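# Descriptive analysis of the structure
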Amino acid sequence: MNLFDVYPLYNVTPVSAKGILVTDDLGKTYHDFYGGHAVISIGHSHPHYVKRIKDQLDKIGFYSNSVKNPLQVELATKLGVLSDCEDYNLFLINSGAEANENALKLASFHTGKSRIIAFKNGFHGRTSAAVAATDNPKINAPLNQQQKVTILPLDDIEAFEKEISKNDVCSVIIETIQGVGGLDEPTAIFYQKVASLCKENEVLLIADEVQCGFGRSGKFFGFQHYEDIKPDIITIAKGMGNGFPVGGVLIHESIKASHGLLGTTFGGNHLACTATLAVLEVLESENLIENAATLESYFREKAAEIPQIKRVKGRGLMLGLEFDFEVADLRKRLIHNQSLFTGGAKDKHILRVLPALNINREHLDLFFNALKVELA
């Protein structure tokens, strides 16, 4: 049997990793400034994380949600406190797509309506409704296109007012900072208007924090950079488990649960909860959210020294460098010549930088020195 060939692969085979360093099967070491799509939040093989998972595995790794799991309660409590979202309830699943899928489904249940409003260049996953709400026709199969989705330009208040007033919308889903799309953000005026119109029209606002959540933006959630934003539902994943498959939906307590409304086999298992608790403990003990906010300023200072960089996009350590050329070849040269991982985006002029949140200024110096060499 062969693998189903859907991934274009770089000729690199990682076999071990520690902190920001990844070592391949030939013994070559790379600096990781991409974290596997923003997944590695506290560094590869963080000792506290490894110990927590090993200790848990010696006890119990998995049982289904048909029995009590105190780790889920512990996780919900700690997550509520650290994120300042104690008036939400937590539903645990396995991925960002699954988080958005359940959020959209729950909004439809709650409102009795079925149309979704999403935004241009948004990415919400590859499952049924999540991919229908994603602005990429290439991954949207005919089956998915049966979903009722309207994709609007970001920051077009007039278009948004027109659509939400039609009384058939169950939810509005928005990334506070677009990931795959290329680090675009709604203006404060637009986001606040979206939030207020959702309330006026009894539409649920879903904040997709799958990539920018868990401290990556310099606050626990990206929407917390804005005033007067209180999403009905918040979706999380990626950096949540530092590589362990974990996802979650934060559901405002005004939305009531009932038995059987949502469900999952693997979500919230003992290892997943332990991985997420370990991440939260490291974020707190090492002040990594504050570190992300601080390093953004230094990143922008260093970027300003390079004339080929037209703009820095994003917040915290969810950042993009915009050039006036497509960056695919630059990424290859950074990997093969400078031993450095970076990311691309739907906007092919954007080089994405998504390192672990415990990097330091010396790491950023190394990154920009490598970049200068390849741009020379």
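Here the residue numbers are simple positions, counted from 1 along each chain's written sequence. Whole-chain, interface and lining totals are the exception, using all residues; otherwise, since this is a predicted model, local features are given only for residues with pLDDT of at least 70 and side-chain atom pairs are given and counted only at 80 or more. Neither water nor hydrogens contribute to the side-chain values; these are computed over all heavy atoms in the structure.

### Considering the overall build of the protein
What counts here: The secondary structure listing takes helices from DSSP runs of H or I that are at least 4 residues long and strands from runs of E that are at least 2 residues long, numbered from the N terminus. A radius of gyration in this sense is built from C-alpha atoms; the matching globule rule multiplies 2.2 Å by the number of residues raised to 0.38. Under the scheme applied here, a residue whose accessible area is under 20% of the maximum for its type counts as buried, over 50% as exposed, and between as partly exposed, the area being computed with a 1.4 Å probe on protein chains only. By the convention used here, residues are in contact when the closest approach between their heavy atoms is within 4.5 Å. Using a 1.4 Å probe, accessible areas were evaluated by the Shrake-Rupley method; residue-level cover was limited to the displayed protein chains.
Assigned secondary structure in the protein consists of eleven helices and 14 strands. In summary, the protein has a C-alpha radius of gyration of 20 Å against a globular reference of 21 Å for 376 residues, a match within 12%. Counting only C-alpha atoms, the protein reaches 55 × 55 × 45 Å along its principal axes. Put simply, the protein has 376 residues, and 52% of those count as buried. Taking as baseline every contact in the protein between residues at least 6 positions apart, the subset at least 24 positions apart corresponds to 73%. Accessible surface for the protein amounts to roughly 17300 Å². Of this, 53% is attributable to carbon and sulfur atoms.

### Description of the pattern of salt bridges
Quick reminder of the rule: A side-chain nitrogen of Lys or Arg and a carboxyl oxygen of Asp or Glu constitute a salt bridge if their distance falls within 4 Å.
Evaluation of the coordinates by the stated rule reveals 19 salt bridges. Residue Arg-52 is joined to Glu-281 by a salt bridge in which the shortest nitrogen-to-oxygen separation is 2.9 Å. Within this pair, whereas Arg-52 is found in helix H2 (residues 47-57), its partner Glu-281 is found in helix H8 (residues 270-285), the two being separated by 229 residues in sequence. Relative accessible area serves as the criterion here: at 22%, Arg-52 is assigned to the partly exposed category. In this structure, Asp-87 engages Lys-230 in a salt bridge whose closest nitrogen and oxygen atoms are separated by 2.9 Å. With a gap of 143 residues between them, Asp-87 in the loop between helix H3 (70-83) and strand E4 (88-93) and Lys-230 in the loop between strand E8 (204-208) and strand E9 (233-236) connect regions that are remote in the sequence. Accessibility expressed as a relative area gives 21% for Asp-87, which makes it partly exposed. Connected via shared salt-bridge partners are Arg-115, Glu-163, Lys-166 and Asp-168.

### Quick word on helix H11 (residues 361-375)
Threshold: Here, expected helix span is obtained from the residue count minus one, scaled by 1.5 Å. What the arc measures is the spread of directions leading from the helix axis to the C-beta atoms. Think of a polar contact as two N or O atoms within 3.5 Å of one another; within protein, one of them needs to be a possible hydrogen donor and the other a possible acceptor, and neighboring residues in sequence only count if both atoms come from side chains.
Compared with an ideal rise of 1.5 Å per residue, which puts 15 residues at 21 Å, H11 spans 21 Å between its outermost C-alpha atoms and is within 8% of the ideal. Burial in H11 covers these residues: Leu-364, Phe-367, Phe-368, Ala-370, Leu-371, Glu-374 and Leu-375. Axial view of H11: buried residues confined to an arc of 160°, hence all on one face. Where the residues of H11 are buried, they touch helix H9 (288-303), strand E12 (318-322), helix H10 (328-338), strand E13 (340-341) and strand E14 (350-353). The distance from a side-chain oxygen at the start of H11 to the backbone nitrogen of Glu-362 is 3.0 Å, and the residue carrying that oxygen is Asn-360.

### Quick look at the packing of H10 against H11
To be explicit about the condition: Lines fitted to C-alpha atoms define the axes, with helix axes restricted to the stretch in contact, and inter-axis angles between N-to-C directions lie between 0 and 180 degrees. Orientation labels follow simple angle bins: below 35 degrees gives roughly parallel, above 145 gives roughly antiparallel, 65 to 115 gives roughly perpendicular, and whatever is left gives oblique. It is the rotation of the near helix from the far one that decides the hand of a crossing: anticlockwise by less than a right angle makes it left-handed, clockwise makes it right-handed. When residue character is reported, Ala, Val, Leu, Ile, Met, Phe, Trp, Tyr, Cys and Pro are called nonpolar, Asp, Glu, Lys and Arg charged, and the others, Gly included, polar.
Contact pair H10 / H11: the axes reach a minimum separation of 10 Å and the direction vectors enclose 115°. One element, H10, and the other, H11, form an angle in the roughly perpendicular class. Pair H10 / H11 crosses with right-handed handedness. Counting all contacts with H10, which are made through Leu-330, Arg-333, Leu-334, Asn-337 and Gln-338, the residues of H11 involved are Ala-370, Leu-371, Val-373, Glu-374 and Leu-375. Split by residue class, the contact of H10 with H11 holds six nonpolar, two polar and two charged.

### Topic: the sheet that holds E12
To be explicit about the condition: Pairs of strands are assigned from DSSP output, requiring at least two bridges between the strands.
In space, the three strands of this open sheet follow the order E11-E12-E14, with antiparallel pairing throughout. Of all strands in the sheet, those bounded by a partner on one side alone are strand E11 (311-315) and E14. Adjacent strand axes in the sheet meet at a mean angle of 20° when their direction is disregarded. The strands touched by H9 within the sheet are E11, E12 and E14, with E11 carrying the most contacts at an inclination of about 170°.

### Digging into the side chain of His-252
With respect to the helices and strands, the residue His-252 is situated in strand E10 (residues 247-252). Setting aside residues up to four positions removed in sequence, His-252 forms contacts with Asp-87, Tyr-88, Lys-230 and Asp-232.

### Side note on a nonpolar patch on the surface
The criterion, for reference: Here a patch means residues that are over 30% exposed by relative accessible area and free of salt bridges, tied together within 9 Å if like-charged and within 5 Å if nonpolar (Val, Leu, Ile, Met, Phe, Trp, Tyr).
Among the surface-exposed residues, Ile-60, Phe-62, Tyr-63, Val-67 and Phe-266 lie close enough to one another that they form a single nonpolar patch of about 480 Å² accessible area. For Ile-60, the position within the fold is in the loop between H2 and H3. The class for Ile-60 is partly exposed, based on a relative accessible area of 34%.

### Considerations on H3
With 14 residues, H3 should cover 20 Å at 1.5 Å per step; its first-to-last C-alpha distance of 20 Å lies within 8% of that length. Turning to H3, its buried residues are Leu-71, Leu-75, Leu-79, Gly-80 and Ser-83. The buried residues of H3 occupy an angular sector of 165° when projected down its axis, which confines them to one face. The outward face of H3, more than 90 degrees from its buried face, is lined by the exposed residues Pro-70 and Val-73. The inward-facing, buried residues of H3 contact H2, E4, E9, E10 and H8. A side-chain oxygen of the first residue of H3 lies 3.0 Å from the backbone nitrogen of Leu-71; this N-cap is Asn-69. Positive backbone phi, at 60°, marks Asp-84, one or two positions downstream of H3.

### Focus on the sheet that holds strand E7 (residues 169-175)
Across the sheet, seven strands lie side by side as E4-E10-E9-E8-E7-E5-E6; this open sheet has mixed pairing. A single partner strand is all that each edge strand has here, and the edge strands are E4 and strand E6 (149-152). Recorded for the sheet is a direction-independent mean angle of 20° between the axes of neighbouring strands. Bridging between strand E5 (residues 115-119) and E6 involves four bridges; their strand directions are parallel. Residue pairing in the sheet places Ile-117 in a bridge with Thr-150 of E6.

These figures come from the coordinates and say nothing about function on their own.
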